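Residue strings, one per chain:
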Amino acid sequence: SALPSMLAQLCDAAVKVAAVMTMPITLALLAVSGNGGLDQYQTLEAQAARLQITDRPVELAASFATLTAGSVRDVVTFDFGWRHRTGLHSEAKPDDRPPINTDPGVHPDEAQPEYDDSEWKPVQLPHDALIEFGPSKVACPTGCSGKSYIPRHVLWYRKRFSLPAGWAGSAIWLDFEGSFRKTTVWVNGLPVTSHDCGYTPFRVQLDNISSVHVGGENVVAVYVDPDNGDAGGRDHGSGWWYEGGGIYRHVQLVRASPLHVEQDGLFAYSNLTKASDGSVASATVHVSATIVDVSPSPSPALSLSTCVSFSIVGPGSDRVVASTFVGNLRFSPSAAGASAMARAELHVPSPAIWSAATPVLYTVHASVHVGGCAAAATDAVSAPHGFRTLHYDANTGFFLNGEHFKVRGFCDHNSFAVVGMAVPARINLFRAQALRAVGGNGRRTSHNPPDVSLLDIYDRVGVVVMDENRLFANETRYVTNMGVLVKRDRNHPSVIIWSFCNEGGCEGSHELGGPRFNEISYRFDGSRPTLANMFTFGDLLSNTVDVQGFSHQNRQKLDKCHAQLPHKPIFMSECCSCNTMRSEDEGCETTYDNPHTACIQKSFNARCAESNAATNASDGVDYAVGTMVWTLFDYYGEPPVGGLEVIGTYGQFDLCGFPKAASLWYRMQWLYGVPDGPDKPFRTDGGHEVHLVESWESPDAFPSTVGQKTRAVHAYSSAPKVELLVNGKSKGVLPVTRMVDGPGSYAEWTKVEWESGIITAIARDAAGKPVANTSRRTNSATASIALTLDAPSSLTGTGNSLLLDGQ
């Protein structure tokens, strides 16, 4: 009852979403749309029959596949109908150790079409196979997976599928959005590709494989080795935290014309022109599309007959606000066959602006025509676009659309509760809502390229993103991965900066990769700056990137850098590892950054969070762009001390998404503690809140205070004063100071005599007037537990779909 209604809803959502996750698809399909879900199902069933796709219609209905008669590109979900086994050549048991030799061979039995996989487990994607095992000290005596004790077994997936006979002569491929980590793919028993970055997408072309049956059945087999990676081994993949294992992101089956827009080949950026009154008078959109011809013998006549149409559609409508055509493309030989680039400028009068408060999205469309611009399209793609400007200043920080914007954000890893790394978009939406609820306006995708659905969500809710690469060095494969990241994510207005690397991965010989990483970022984008999350400054990498990033450095280090590099913008790209646990009144208090204490960590941690070595290192100075706190949510692996725990307890929310007291401290500082403006997720109109950190249980309820007569009580508030009452009797009024104004961002009563009943905190303004209050009651016996569904509701932002699609 002490939580504000918004946080109470967010708190409930973690339990609610679990119920939806177990809902059978056969029930969910009837609510696919708000106006006639059954009709939509029947339509998709008819489309499936037209295309002769053997996936069950119910599975196709759940995919929201865009299959329309005469469509220029068919995109079909490939998430259903998979079978899975954990183990190299036999099923692995929970306490088995992963094999030392993980090589399956060139032609393993499991990859052959005739292999009997009937005993394998049916699964649907996204799928984290490792999370099902859970921790095992037998399989992981030294910790495994960043001390999460979750063994990193090798994994197999198989799927049978048929291709429509009508697809003959088309370009056909599978798009894997992400599989962790080294992934090898066989089609009809033939090895066709291997991909060793667990966070970037990859494509498997099918139409050029001689054994593929168009109009018949095929088998795809996928082998995933989560341990195979740079700096990896039997106990971890490429990082020092739990990274999961398996095909943990979506897969799509795509049919297109041999002449089509290449993967992530559409790009648009814009320049805005201001009117005399400061409003945006117009925008010039620079748009380009790379067209490829993968037919066996590209025609020389393509250059004369191919036309590309560009158009921009307004928000929430089909209204075209600008359009143009580009013809006479110049095709030249390429690795794909032949390719050409189409470029154009479009002018949009008085565009609506993308900002944190009003994240207005337009859509850029590109279509390919052969035989002239009036001919029917052979391919079409689209991308989001937001009209906004970015400016980084070494002395005054960051400006979004010409307005000062202090980034107040959080880093996060990808895992969540029982789904591990295979996080549904609905949960990612919940996490974005949780970030905004505590005053956050930014997210760092530490330490890897994110699920693209996450960026779709941040585009829609107005959260700015630091988009981070995984592995960094002067090696071509790493540079290539950076290019894939930039091409994939460059159309998202939420992305405001690229990050090359993290901490030790930026140092030493790794720095030599800076120039090549900068070059490929500029080549594929050029509209955003670059950064590295570093311990040092003034070295090769520091002088290469556009913005100086810092990890866990104090105010003195930032001031020194600002004095020595006066023209370099500074961003506290990681800070504040102030461990805490949910609803733990007693234990070790975290008073400084990342203490690695082997004990239960108290809920109260404000002394750590407010210091000039933590949040206030960058919050308290105008020249700093902002802060990315480590982290928003707890995550598997990287515990303060391995063995005592299996999770990193740095989050403001726990592993299942329930808020800790620390989340309320940030809510007071970053939401209620700052004036309304362009960098706040929503207005608070001068209001105030107050929150009690501890429960009101007897000292005898805690082993460390048995026999004592008093309790320590802390309160967080945005008001300047807080009064504490015990059963209606005042225990005194204490001042509360905003973090940026100095220490004391909490009220602390160290020895409050305990008596069963109710404690109340009353927030008072400068004149002593009550402006908010909250209470805690001594618990009685447990009465009941309640479970509710995460059903469509305007109150929780879940739209009108019962599926975990993030809408």
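Basis of the calculations
- Residues numbered from 1 in each chain as written.
- Predicted model: local features only at pLDDT ≥ 70, side-chain atom pairs only at ≥ 80, totals over all residues.
- Heavy atoms only, no water.
- Salt bridge = Lys/Arg side-chain N within 4 Å of Asp/Glu carboxyl O.
- Helix = DSSP H or I, 4+ residues; strand = E, 2+ residues; numbered from the N terminus.
- Buried < 20%, exposed > 50% of the residue type's maximum accessible area, 1.4 Å probe, protein only.
- Core = buried A, V, L, I, M, F, W, Y, C linked by side-chain atoms within 4.5 Å.
- Contact = heavy atoms within 4.5 Å.
- Phe/Tyr/Trp six-rings, centres within 6.5 Å; stacked < 30°, edge-to-face > 60°.
- Lys NZ or Arg CZ within 6 Å of the ring centre and 35° of its normal.
- Disulfide = S-S within 2.5 Å.
- 1 Å grid on protein atoms, 1.4 Å probe; cavity = no way out; pocket = protein on both sides within 12 Å on 5 of 7 lines; lining within 4 Å.
- Points joined across faces, edges and corners; volume = space filled by probe spheres on them.
- Nonpolar A, V, L, I, M, F, W, Y, C, P; charged D, E, K, R; others polar.
- Pairing = 2+ DSSP bridges.
- Axes fitted to C-alpha atoms, helices over the stretch in contact; angles between N-to-C directions.
- Parallel < 35°, antiparallel > 145°, perpendicular 65-115°, else oblique.
- Left-handed = near helix turned anticlockwise from the far one by under 90°.

Enquirer: Quick question: what am I supposed to make of the pattern of salt bridges here?
Expert: When charged atoms on two side chains of opposite charge get close, those side chains can pair. Per the stated rule, a full pass over the model turns up 30 salt bridges. The residue Asp679 makes a salt bridge to Arg408 at a minimum N-O spacing of 3.4 Å. Taken together, the residues Asp679 in the loop between α14 (661–671) and β32 (690–692) and Arg408 in strand β22 (residues 407–411) connect sequence positions 271 residues apart. For Arg408, a relative accessible area of 8% corresponds to the buried category. Across the pair Asp654 and Arg582 runs a salt bridge, and its minimum N-O distance is 2.6 Å. Remark: Arg582 occurs in the loop between β28 (570–575) and α12 (606–609) and Asp654 occurs in the loop between β31 (647–648) and α14; sequence separation between them is 72 residues. Assessed through its relative accessible area of 11%, Asp654 is described here as buried. Connected via shared salt-bridge partners are Asp676, Lys680, Arg683 and Asp685.

Enquirer: Help me out: how do you make sense of the nonpolar core in this one?
Expert: A general feature of soluble globular proteins is that nonpolar side chains tend to end up buried together. With 72 residues, the main nonpolar core has Phe410, Phe416, Met482, Leu541, Tyr666 and Tyr716 as its most contacted residues. Excluding anything up to four places from it in sequence, Leu541 contacts Phe472, Cys501, Cys506, Glu511, Gly514, Ala532 and Met534. Counting 61 residues, the second-largest nonpolar core is a separate cluster that includes Val76, Phe161, Val547 and Ile647.

Enquirer: Teacher, can you tell me more about the packing of aromatic side chains here?
Expert: The description of an aromatic ring pair uses the distance of the two centres, along with the angle that the planes make with each other. Under the criterion given, the structure shown has 31 aromatic pairs. Seen in terms of ring centroids, Phe604 and Tyr746 are 5.1 Å apart; in terms of plane orientation they differ by 75°. Their pairing is edge-to-face. With a gap of 142 residues between them, Phe604 in the loop between β28 and α12 and Tyr746 in the loop between β35 (729–735) and β36 (747–753) connect regions that are remote in the sequence. Assigned by exposure class, Phe604 and Tyr746 land together as buried. Of the aromatic side chains, those joined through ring pairs into one cluster are Phe78, Trp82, Tyr157 and Phe161. Lying over the aromatic face of Phe524, Lys487 brings its terminal NZ or CZ to 5.4 Å of the ring centre.

Enquirer: I'm lost on the state of the cysteines in this one. Help?
Expert: Two cysteines form a disulfide when their sulfur atoms are joined by a covalent bond. On inspection of all chains with the given rule, the structure shows six disulfides. Residue Cys578 pairs covalently with Cys608 via a disulfide, S to S 2.0 Å. Between Cys578 and Cys608 the disulfide shows an S-S torsion of about -75°. By sign, it is left-handed. You can see Cys578 sitting in the loop between β28 and α12 and its partner Cys608 sitting in helix α12, a full 30 residues away along the chain. Residue Cys578 shares its accessibility class with Cys608, and that shared class is buried. The thiol of Cys411 is not disulfide-bonded; the next cysteine sulfur, from Cys575, is found 7.6 Å away. Since its relative accessible area comes to 0%, Cys411 is described here as buried.

Enquirer: Before we go on, may I ask you to explain empty space enclosed by the protein in this structure?
Expert: Rolled over the atoms, a probe as big as a water molecule pinpoints where empty space is left. Overall, the coordinates contain four cavities of 30 Å³ or more when judged by the stated rule. Of the pockets and cavities examined, the largest cavity occupies roughly 110 Å³. Around the largest cavity, the lining residues are Tyr248, Arg249, His413, Asn414, Met421, Val423, Asn428, Arg431, Arg443, Asp451 and Leu454. Residue composition of the lining of the largest cavity, grouped by class: four nonpolar, three polar and four charged. Each pocket or cavity is described by its volume, and for the second largest cavity that value is around 80 Å³.

Enquirer: Sorry, what's going on with the pairing of β22 here?
Expert: In terms of residue burial, β22 counts as a mostly covered element, since five of its five residues are buried. Of the two faces of β22, the one holding Val407, Gly409 and Cys411 and the one holding Arg408 and Phe410 are both buried throughout. By the bridge criterion, five bridges tie β22 to strand β29 (residues 624–630) in an arrangement that is parallel. Paired with Gly409 across the two strands is Met628, which belongs to β29. Of the pairings in the sheet, the one linking β22 to strand β23 (residues 442–444) comprises three bridges and is parallel in character.

Enquirer: Can you walk me through the sheet that holds β35 in this structure?
Expert: Paired through backbone hydrogen bonds, the strands of a sheet run either parallel or antiparallel to each other. Read from one edge to the other, the open sheet built from four strands follows the order β35-β34-β37-β38, with strand pairing classed as antiparallel. In this open sheet, the two strands that pair with only one neighbour each are β35 and β38 (770–777). Geometrically, the sheet is characterised by an average inter-axis angle of 20° between neighbouring strands, direction not taken into account. Examined bridge by bridge, strand β37 (residues 758–764) and β38 share seven bridges and lie antiparallel to one another. For Thr760, the partnering residue across the bridge sits in β38 and is Ser775.

Enquirer: Could you clarify how one ought to interpret the packing of helix α6 (residues 425–437) against helix α7 (residues 452–461) in this entry?
Expert: Each pair of packed helices can be summarised by the angle the axes make with each other and by the distance between the axes. Where α6 meets α7, the closest approach of the two axes is 10 Å, and the angle between their N-to-C directions is 40°. With respect to α7, the axis of α6 lies oblique. The crossing of α6 and α7 is right-handed. Contacts between α6 and α7 pair Ala425, Asn428, Leu429, Ala432 and Arg436 from the former with Ser453, Leu454, Ile457, Tyr458 and Val461 from the latter. Grouping the amino acids of the contact of α6 with α7 by side-chain chemistry returns seven nonpolar, two polar and one charged.

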